[in-house]
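Each chain, written out:
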Amino acid sequence: MEKSELSTRDRMCSVAGGMAGLLVDREIPSRLIPFRGEFPLLNMIEAIRFREAIRSTMWIEDLPPKFLYAAAEGSRIARLEREFRHYLSRNGLKSGDFEKLEDAEKSEWLQWWMEADSVSADDLVVKKYRDEATPVSKSLGDPAMPVAEKREIYDDLVTRRAYWDDLCFEFGRIGWEKKLLNLALYIHYGGDLEVVLARYKENHPDYADRIPHSLAYYISYLRTGEATSVLHYFLLERVCLSESRLTALLTAELRERLEEVFRWDGGTNSAWTVGIDYRGEEKMDEIVTALDIEKGREYLIFGNLTIKPFIMETKETLLKENPWREVAEKIEKNGYMRLEKLNAYADDIPFIEEFNKRTKNPDHQLHTEILPYPFIGDVLGARVVLLMSNPGYKVSSNIEAHEKMSDEEKRFVIRAQTQAMLLEDRAIFYSGPEYKPFNDEQDWYWAKKTRIIREAVPGAETKIAAVQLMAYHSRKYKPFPEKMGLLPSQEYTKRLVKYLIDKKDVVFVYRGIKNKARWLDFVPELENATCVELSSSLNACLSEKNCKDGGFEKIKAALTE
């Protein structure tokens, strides 16, 4: 091996040789661990020459064979003793107190440590150097070991309850650094945490619910040096990352944080380290405080990762990728007047035409001679979101009332509708004489449906919004045939609702059991959101009588927080 490859400080004699130099001439190499073998590793004269050699030699492999062997075995002994001291400390026992224990108690502690840190009885056996044919300790690694074999070793380690059940006794017996290092090495050698967790759930179905908690603990520890932190709560409770996303996030963190300390010792955990941001919570708070809400939220999720393992929706991505911008721009260019034909998102048009062609009942026809209405109110800032099926259609309001308006009134109404498309709306209902044309065309619908809650919570209209499953007007809602799939614009609606679910502070309102079933099929994640079901499928009135199971109080609480 060329010296040019030996680039890290830990391959220097001053490191490994320095660790070994303190004990190569000891008759009893450790006061804590009962190593077996022929001691000392070197006699008094050899030990003096050994210490001179490590002072005058740069690289460990340039030492004479006997000294190389002593350096390998001595540093291995030193590392094992250090790890045992750390283990005792983590479990509340000082090494001095350990030495005062009875032999039986010492034996128990040693067995617990060996099991927790995967130390075998053979690791405690030290052979004395005989000649140049004596193999160097395995602590120097076996570069010829196949990667698949290394992966299998770590696979066996990380599929235990001690890694994924934070409530079990064994979980706390292994240090966070050790577990994170083993997980990182498993991934480094080609392992897949998704596969590990799938197998773990098969073997331990009763404890599978603790996996997300364990994943969040690991991510929190990597970034803050504390398993239980604001970050742990944020990932689990605020943005409610799924198990698969937490797994992807942990995998990405471990890949970026695993660092090879020195290659010649690559066969042991001591050759690698996982970067942990101890006291990172303080730095994290400083960074988040300096960012706006959306950027801060993104930073808390992804930290300093250079490659994000998944796309996390943000307010910026939703505004930028809003398909209704295309329609709004056409309306603006038309002087804020309805288009003569097809007031619709271009990618939706073939689906709409096919649906209308197949649909015989005129009540189900989708009307594109008037503007679609996918959203009402300040959706992105709402605390209560009504999940509607579709905007209704009435000739008297949508056509006749509109035609009676002056061009100026028409422009006023249509400008308000395009603002809603662009997620720039500010209230579900506007009061004031200037909004009379708008309310006339809407048949004063939301003014009536929100009257009771507005009386109970002044200003509630600015915190209530509605999202339509189908953005286009029809007298009665009818879903697309399954083989037609979803409209492209509906895919965006799904993203929007998932984003609102992730915020964790939004109450969703279903209008009746059929509406609820449609939305749960559309966005299954709603199952885990705070939801209120209205008694009537035909009436969207937010009142105590119309809200099931104390839902009105939930709505009031959300609006007053």
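Owing to the predicted nature of the structure, the values given are computational and were not obtained by experimental measurement.

To continue, consider the overall build of the chain. Each helix and strand counted, the chain has 25 helices and nine strands in total. Taken against the 2.2 N^0.38 rule, which gives 24 Å for 561 residues, the C-alpha radius of gyration of the chain at 33 Å runs more than 25% over that of a compact globule. When the backbone C-alpha atoms are referred to their principal axes, the chain occupies close to 110 × 50 × 45 Å. Out of the 561 residues belonging to the chain, those deemed buried represent 51%. Accessible surface for the chain amounts to roughly 27,800 Å². Of this, 50% is attributable to carbon and sulfur atoms.

Attention shifts here to the packing of helix α8 (residues 176-188) against helix α12 (residues 243-257). The interhelical angle for the contact between α8 and α12, taken along N-to-C directions, is 90°, at an axis separation of 9 Å. One way to sum up the angle between α8 and α12 is to call them roughly perpendicular. The segment α8 lies against α12, with L180, L183, A184 and I187 engaging L250, T251, L254 and R255. Considering only residue class, the contact of α8 with α12 consists of six nonpolar, one polar and one charged.

For the rest of this paragraph, the subject is helix α3 (residues 65-90). Residues three or four positions apart in an α-helix share a direction because the helix packs 3.6 residues into each turn. With 26 residues, α3 extends 37 Å between its outermost C-alpha atoms, agreeing within 8% with the 38 Å of an ideal straight helix rising 1.5 Å per residue. Buried residues dominate α3, accounting for 19 of its 26 residues. Where α3 terminates, the next one or two residues include G92, which has phi positive at roughly 80°.

Here we come to the layout of surface pockets. If you add up the space inside the second largest pocket, you get close to 830 Å³. Lining the second largest pocket we find 30 residues, and of these N390, P391, G392, Y445 and R511 sit closest to its centre. Contributions of two or more residues to the lining of the second largest pocket are made by α18 (395-403), α21 (445-449) and α24 (512-522). With four residues, α21 is the largest single contributor of residues to the lining of the second largest pocket. Counted by class, the lining of the second largest pocket contains nine nonpolar, 11 polar and 10 charged residues.

Moving on, we get to the pattern of salt bridges. Applying the stated rule across the entire model yields 25 salt bridges. Residue E73 pairs with R76 through a salt bridge whose shortest N-O separation is 3.1 Å. Of the two residues, E73 and R76 both sit in helix α3, three residues apart, roughly one turn of that helix. Each member of the pair, E73 together with R76, is buried.

Cut-offs applied
- Residues numbered from 1 in each chain as written.
- Predicted model: local features only at pLDDT ≥ 70, side-chain atom pairs only at ≥ 80, totals over all residues.
- Heavy atoms only, no water.
- Helix = DSSP H or I, 4+ residues; strand = E, 2+ residues; numbered from the N terminus.
- Rg over C-alpha atoms; globule rule 2.2 N^0.38 Å.
- Buried < 20%, exposed > 50% of the residue type's maximum accessible area, 1.4 Å probe, protein only.
- Areas by Shrake-Rupley, 256 points an atom, 1.4 Å probe, with all protein chains shown as cover.
- Axes fitted to C-alpha atoms, helices over the stretch in contact; angles between N-to-C directions.
- Parallel < 35°, antiparallel > 145°, perpendicular 65-115°, else oblique.
- Contact = heavy atoms within 4.5 Å.
- Nonpolar A, V, L, I, M, F, W, Y, C, P; charged D, E, K, R; others polar.
- Expected span 1.5 Å × (residues − 1).
- 1 Å grid on protein atoms, 1.4 Å probe; cavity = no way out; pocket = protein on both sides within 12 Å on 5 of 7 lines; lining within 4 Å.
- Points joined across faces, edges and corners; volume = space filled by probe spheres on them.
- Salt bridge = Lys/Arg side-chain N within 4 Å of Asp/Glu carboxyl O.

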